[in-house]
Structure formats: structure tokens, C-alpha cells
Amino acid sequence: MLSEIECPTIILHVAPSKETAPSYYDKDGILLSAMDEKDAEEVHTLIKNSTLKSGYESSHDIHADLPEQFVDAVIEMKQQK
């Protein structure tokens, strides 16, 4: 499915939480994020026209936690096209 996406796509990926850094997993091996760095790279590879931006110190909701950085990323993507 991801490989069928043709429109420009931005993938915003959070940094590991302070509690688990440098890992995205807790002590029991449970992923505490939507994706780890390997998953984010795989999504980026599968979506041909995508840009991956990582390292956002946020929970799952980058747009709510970091609205200025979210808007900046969207504007940057728009200006590239």
C-alpha cells in the first residue's frame, strides 16, 4: 500500500522518549512510539516521493505538541515543489 502513494509526502518522526532514549522500546521490549527509526526509514523507502524528518521531541501528536515546527516542516515541503 505505501508503495502506491504517488503524491509528495512528509514523514514526521519523533525522537525516543526521555524515559527510553536512545531506544524507542521500554525495558520489556514494547515499542512506545508509532515507529522506531528502522520503521521510519522503511516507510520513507516505500513512499517514493517522500521526505523523512526525524528527531521531534514530541509524543505522538507532533502537530499539537510542536505546532510551529509542524507548520515549518509543511511550508518547507510546499516550497520544495
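In what follows, the structure referred to is the one given above.
First, a word on scope: everything that follows refers to the structure included in this document. All of these numbers come straight from a predicted model, not from anything done at the bench. (Residues numbered from 1 in each chain as written. Predicted model: local features only at pLDDT ≥ 70, side-chain atom pairs only at ≥ 80, totals over all residues. Heavy atoms only, no water.)

## Topic: the overall build of the chain
When you go through the chain residue by residue, the secondary structure sums to 3 helices and 2 strands. Overall, the chain shows an N-to-C arrangement of helices and strands of β-α-β-α-α. Counting only C-alpha atoms, the chain reaches 40 × 30 × 15 Å along its principal axes. The buried share among the 81 residues of the chain stands at 25%. Of the roughly 5900 Å² that the chain leaves accessible, carbon and sulfur atoms contribute 55%. (Helix = DSSP H or I, 4+ residues; strand = E, 2+ residues; numbered from the N terminus. Buried < 20%, exposed > 50% of the residue type's maximum accessible area, 1.4 Å probe, protein only. Areas by Shrake-Rupley, 256 points an atom, 1.4 Å probe, with all protein chains shown as cover.)

## Some thoughts on the pairing of strand E1 (residues 9-14)
Across the 6 residues that make up E1, a large majority, 5, are buried. Sheet analysis places E1 next to strand E2 (residues 50-56), joined by 6 bridges and oriented parallel. What sits directly across from His 13, in E2, is Ser 54. Taken together, E1, helix H1 (residues 37-46) and E2 form a β-α-β motif whose crossover is right-handed. (Pairing = 2+ DSSP bridges. Right-handed = clockwise from strand over helix to strand, strands pointing away.)

## Considering the side chain of Ser 50
Tracing the sequence through the fold places Ser 50 in strand E2. Polar side-chain contacts of Ser 50 include one of 2.8 Å to the side chain of His 44. In this structure Ser 50 touches Thr 9, Ile 11 and His 44, once residues within four positions along its chain are discounted. (Polar contact = N/O pair within 3.5 Å; in protein donor to acceptor, adjacent residues only side chain to side chain. Contact = heavy atoms within 4.5 Å.)

## Observations regarding the layout of surface pockets
Rolled over the atoms, a probe with the dimensions of a water molecule shows which regions are left empty. Estimated volume of the largest pocket: approximately 370 Å³. Around the largest pocket sit 22 residues that line it, and Val 14, Ser 33, Ser 58, Ser 59 and His 60 are the ones nearest its centre. Elements with a minimum of two residues in the lining of the largest pocket: E1 and helix H2 (62-65). Sorting elements by how many residues they give to the lining of the largest pocket places E1 first, with 3 residues. Looking at the lining of the largest pocket, its residues break down into 11 nonpolar, 8 polar and 3 charged. (1 Å grid on protein atoms, 1.4 Å probe; cavity = no way out; pocket = protein on both sides within 12 Å on 5 of 7 lines; lining within 4 Å. Points joined across faces, edges and corners; volume = space filled by probe spheres on them. Nonpolar A, V, L, I, M, F, W, Y, C, P; charged D, E, K, R; others polar.)

The values reported here are purely geometric and, on their own, carry no functional implication.
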